[in-house]
Amino acid sequence: MSRLDYDLPPMQTLAGASDTRFNELMRQAESELAASNYLAAEQFYRRAILEQPDRPLAQVGLIHAQLGAGMVRSAAFNLRRLFEEHPELIAARYEAHLLPSASRMQWIQGELQRMMSGTMDSPADPALMLAYVGYQAGSRPLVRYGLATAQARSPRDPLLPLLRRIWLEESPGDQGASSEDAAQPAQQPSSPPEADGK
């Protein structure tokens, strides 16, 4: 757990320093993402993944580009797969230029909320993504809300206790009142906490 739970500054780039084809694609993708050209960024990240499929930071960039482009379901699905295959990235944070713009993140939060407002049978992945948005924004209430909603949708999901432990420093046995408070808005998904814009 100590190897997964770390406190480092936000990453400033997903690209390496060497002049390889992969890193060039990653730098181009970052440039497009920072300019809010999300579809172009998504294409560059896809090309980088084809170049080196074993580089998980390209998958991180792809997820952020998909979020910005409005491909929220794909991004949520890919986030779960990333964390299951590379749990070492769960604690990672990213500089603002590696994420969709602050205004776009607010739109994403609303879109995730709309997706979560269905029946309790709807997938837990949008709620997991909402918790991720909260984690990147430094909003513990939003993280708690997203994880509590995901837990209500998928009580046996083995990923959620790990996320709670790393993102909130809470173990399943000591959630206490804070988790009870977080579970309350999960019953009223029209009014989640707001993430602070980056």
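Everything below is about the structure shown above.
Just so we're clear, the structure is a prediction, and the values are computed from it rather than from any experiment.

Turning our attention to helix α3 (residues 56–69). If you check α3, its first and last C-alpha atoms are 20 Å apart, about what 14 residues at 1.5 Å a residue would give, namely 20 Å. By the criterion of burial, α3 is predominantly enclosed, with twelve of the 14 residues buried. For α3, the complete set of buried residues consists of Pro56, Ala58, Gln59, Val60, Gly61, Leu62, Ile63, His64, Ala65, Gln66, Leu67 and Gly68. The positive-phi residue at the C-terminal boundary of α3 is Gly70, with phi of around 90°.

Judged by nonpolar contacts, the single largest core of 57 residues is most densely connected at Tyr45, Phe83, Tyr94, Met129, Leu163 and Trp167. Counting only elements with at least two residues in this core, the list comes to α1 (21–34), α2 (38–51), α3, α4 (72–85), α5 (102–116), α6 (125–137), α7 (140–153) and α8 (159–168). With eight residues, α6 is the largest single contributor of residues to this core. Beyond its immediate chain neighbours, meaning those up to four positions away, Phe83 contacts Leu89, Ile90, Tyr132, Leu159, Leu163 and Trp167.

Running from N to C, α1 and α2 cross one another at 165°; their axes reach a closest spacing of 8 Å. One finds that α1 runs roughly antiparallel with respect to α2. For the pair α1 and α2, the sense of crossing is left-handed. Residues Arg21, Phe22, Leu25, Met26, Gln28, Ala29, Glu30, Glu32 and Leu33 of α1 touch α2, and the partners they reach there are Tyr38, Ala40, Ala41, Phe44, Tyr45, Arg47, Ala48 and Glu51. Split into classes, the residues belonging to the contact of α1 with α2 amount to eleven nonpolar, one polar and five charged.

Conventions adopted
Residues numbered from 1 in each chain as written. Predicted model: local features only at pLDDT ≥ 70, side-chain atom pairs only at ≥ 80, totals over all residues. Heavy atoms only, no water. Helix = DSSP H or I, 4+ residues; strand = E, 2+ residues; numbered from the N terminus. Expected span 1.5 Å × (residues − 1). Buried < 20%, exposed > 50% of the residue type's maximum accessible area, 1.4 Å probe, protein only. Core = buried A, V, L, I, M, F, W, Y, C linked by side-chain atoms within 4.5 Å. Contact = heavy atoms within 4.5 Å. Axes fitted to C-alpha atoms, helices over the stretch in contact; angles between N-to-C directions. Parallel < 35°, antiparallel > 145°, perpendicular 65-115°, else oblique. Left-handed = near helix turned anticlockwise from the far one by under 90°. Nonpolar A, V, L, I, M, F, W, Y, C, P; charged D, E, K, R; others polar.

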